[in-house]
Amino acid sequence: MVDVILGLQWGDEGKGKIADFLTPQYDIVARFQGGPNAGHSLEFEGKKFVLNTIPSGIFRKGILNIIGNGVVVDPIRLLAEIDRIKDECPDYAERLLVSKKAHLILPTHRILDAASEASKGDAKIGSTLRGIGPTYRDKTGRSGLRIGDALEADFIDRYKQTVEMHLTQIASLGYTQFNLQEEETAFFAALEDLKKLQLVNSEYLINEAIQQGKKILAEGAQGSMLDVEFGSYPFVTSSTTLAGGVCSGLGVAPKQIRKVYGIFKSYCTRVGGGPFPTELNDDMGELLRKKGHEFGATTGRPRRTGWLDMVALKYTCMLNGVDELIMMKSDVMCDIPEVKAATSYTIHGEETNQVPANLCSTDVLPNYRTFTGFGAHLDHSGGFDALPDSFKDYITFIEENLNTPIRVISLGPERDKTIVRNK
Ligand code: GDP
Ligand code: IMO
Ligand code: MG
């Protein structure tokens, strides 16, 4: 049985915290897409970690963690990540498995990412520059290199061919600011270390685990509005971030998926370029950024902030078939006298509840409902019943609008600042 946890907005919803929180209910935690563009933060016992490629179950004893075939892996970043966790998880090598089918991010993929962004000028995507787009492009273009390929005799020849092709592309973009030799030295050293990890046919391993009645948590990266198919294209990432991506990204059949948990912040953030209908380019936006520490976990970039967008949230609940909602970071909204949520858009004078096909080229005017602020304190310690009525009104509004229960409420970055509702 596979449950899925994924972001319903533009990423950074708090997937790392909640995946770690839920892990004790599972035997395996698996990443199914994305790569080191992700930055998943976890806090417990006074310690803080940011994971990029490693699943967020790694800190729980006895849990297997799988980097699935749908993930793209940069050996340099993965090894740096292992370095950050190895004192906390001395047994990581026994519990971290990597699919042989996961594609490798090569140094020239990263350079291509930078070259492509530089060539776009103001129209750049605002990518994390981790080489994600070029690696997925080679994957679907059938010229990518997989981790398992690094074990084959002809790997170096194939690597050289690929790099030659990349260098032509980089030259055609007029990009020269790189030192490939330096990057390649680091890459091949890290690749040798990566080969010492458990490289597996993870689709067999996962399906055998399912047959044995084990429970698997599939941990999404990015968010549904960054999905390559249904996100705010072209300002998206290059993978399927939706629940549907679990099947191809891990090799499990749709019927094995039991429950989909959708995570959202009680406001919105976005990092990088692209449309953001409820964006607040004012003092309130700045306040949310400051109070919510809205700076990228991977890149440190300031995140754009705005009110909750129910039109987008309803869309992504639909696309993912969300069974239960998890609401994050409402504590950030303490002391704000009035809270707003967009309930519809006006487009060309017409009110609509749908996200337009081309959000980028459409003038969208959000229509807001205003709520009384939640007061000075929102604290997990008294449980749900002790929460202020104004906050409960906000919760009821969201649940009724999305026709989906909010099962978990997170009121702080730490593992234990979490309320689970058993209705
Ligand atoms: P992810 O990419 O979805 O895992 O999210 P990130 O880790 O990039 O960003 C979420 C940020 O919010 C991190 O800094 C978390 O430590 C923090 N965080 C998570 N949940 C809460 C919460 O309920 N309240 C507050 N104030 N911070 C939270
Ligand atoms: P987590 O898992 C927020 C954004 C980038 C950029 C776009 C494309 O931490 O939620 P890419 O490097 O993927 O080609 O960038 O997607 N982006 C994220 N934004 N959280 C993430 O991951 C993101 N991963 C990519 O900022 O706009
Ligand atoms: Mg993040």
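Conventions we followed
Residues numbered from 1 in each chain as written. Chains lettered and ligands numbered in written order. Predicted model: local features only at pLDDT ≥ 70, side-chain atom pairs only at ≥ 80, totals over all residues. Heavy atoms only, no water. Domains from an automatic or database assignment. Contact = heavy atoms within 4.5 Å. Buried area = accessible area lost by both parts, 1.4 Å probe. Salt bridge = Lys/Arg side-chain N within 4 Å of Asp/Glu carboxyl O. Polar contact = N/O pair within 3.5 Å; in protein donor to acceptor, adjacent residues only side chain to side chain. Helix = DSSP H or I, 4+ residues; strand = E, 2+ residues; numbered from the N terminus. Axes fitted to C-alpha atoms, helices over the stretch in contact; angles between N-to-C directions. Parallel < 35°, antiparallel > 145°, perpendicular 65-115°, else oblique. Left-handed = near helix turned anticlockwise from the far one by under 90°. Phe/Tyr/Trp six-rings, centres within 6.5 Å; stacked < 30°, edge-to-face > 60°. Buried < 20%, exposed > 50% of the residue type's maximum accessible area, 1.4 Å probe, protein only. Arc of directions from axis to C-beta. Donors = N, O, S within 2.8 Å, 3.2 Å for Na, K, Ca; no water. Pairing = 2+ DSSP bridges. Near = heavy atom within 4 Å. Areas by Shrake-Rupley, 256 points an atom, 1.4 Å probe, with all protein chains shown as cover. Nonpolar A, V, L, I, M, F, W, Y, C, P; charged D, E, K, R; others polar.

K.L.:
Go over the domain arrangement of the protein chain with me, naming the residues and quoting the values.
P.N.:
Along its sequence, the protein chain is organised into domain 1 (2-100 + 198-260), domain 2 (103-194) and domain 3 (265-420). Put simply, the middle of domain 1 and the middle of domain 3, counted by C-alpha atoms, are 24 Å apart. If you look at the interface, domain 1 gives 39 residues, while domain 3 gives 42 residues. For the pair domain 1 and domain 3, the summed buried surface comes to about 3,100 Å²; carbon and sulfur atoms form 60% of the total. For the pair domain 1 and domain 3, the number of links is three salt bridges. One salt bridge in this structure joins E324 and K259, with 3.3 Å as the shortest N-O distance. For the pair domain 1 and domain 3, the number of links is 19 residue pairs in polar contact (both at pLDDT 80 or more). Among the elements of the structure, β1 (2-7), α1 (15-22), β3 (40-44) and β11 (257-265) are those that each provide at least two residues to the side of domain 1 that touches domain 3.

K.L.:
Now, about the packing of helix α2 (residues 75-85) against helix α7 (residues 180-194): what can you tell me, with residues and values included?
P.N.:
Contact geometry of α2 with α7 gives a least axis separation of 8 Å together with a crossing angle of 60°. Regarding the angle of α2 to α7, the classification is oblique. As α2 packs across α7, the resulting crossing turns out to be left-handed. Residues P75, I76, L78 and L79 of α2 lie in contact with α7, whose contacting residues are E183, A186, F187, A190, L191, D193 and L194.

K.L.:
How would you sum up the packing of aromatic side chains? Please name residues and give values.
P.N.:
If you walk through the whole model with that rule in mind, you get 13 aromatic pairs. With 5.1 Å between their ring centres and 85° between their planes, F187 and F188 make a pair best called edge-to-face. When the centroid spacing of 4.8 Å and the interplanar angle of 55° are considered together, the rings of F371 and F397 count as tilted. Here F397 lies in helix α12 (residues 389-402) and F371 lies in strand β18 (residues 365-372), a separation of 26 residues in the sequence.

K.L.:
I'd like a rundown of α2, residues and numbers included.
P.N.:
The set of residues buried in α2 consists of P75, L78, L79, E81, I82 and I85. Buried residues of α2, seen end-on, are gathered within an arc of 155° and therefore sit on one face of the element. Sitting at the head of α2, D74 places a side-chain oxygen 3.0 Å from the backbone nitrogen of I76.

K.L.:
Please give an account of the coordination of the magnesium ion (ligand 3) that cites residues and values.
P.N.:
Within the first shell, the magnesium ion (ligand 3) binds the protein through D12 (OD) and G39 (O), at distances of 2.1 to 2.2 Å. Separated by 27 residues along the polypeptide, D12 in the loop between β1 and α1 and G39 in the loop between β2 (28-31) and β3 bring together distant segments of the chain. The class of D12 is partly exposed, set by a relative accessible area of 22%. We classify G39 as buried; its relative accessible area is 11%.

K.L.:
Which residues make up the pairing of strand β19 (residues 406-410), and what values do they have?
P.N.:
Among the five residues in β19, five count as buried, and that is most of the element. As judged from the three bridges shared by strand β15 (residues 324-328) and β19, these two strands associate in the parallel manner. Pairing of I326 across the sheet is with V408, part of β19. Where β19 meets strand β20 (residues 418-420), three bridges bridge the pair, whose relative direction is antiparallel. When the bridges of β20 are listed, V408 appears paired with V420.

K.L.:
Describe in detail the site of ligand 2, supporting the description with residues and values.
P.N.:
The full set close to ligand 2 counts 21 residues, and D12, K15, H40, T128 and T237 are the nearest of them. The side chain of R301 places a nitrogen or oxygen atom 2.9 Å from an oxygen atom of ligand 2. Coverage of ligand 2 by the protein chains reaches 97% of its 550 Å² of free accessible surface. Grouping the constituent residues of the shell around ligand 2 by class yields eight nonpolar, 10 polar and three charged.

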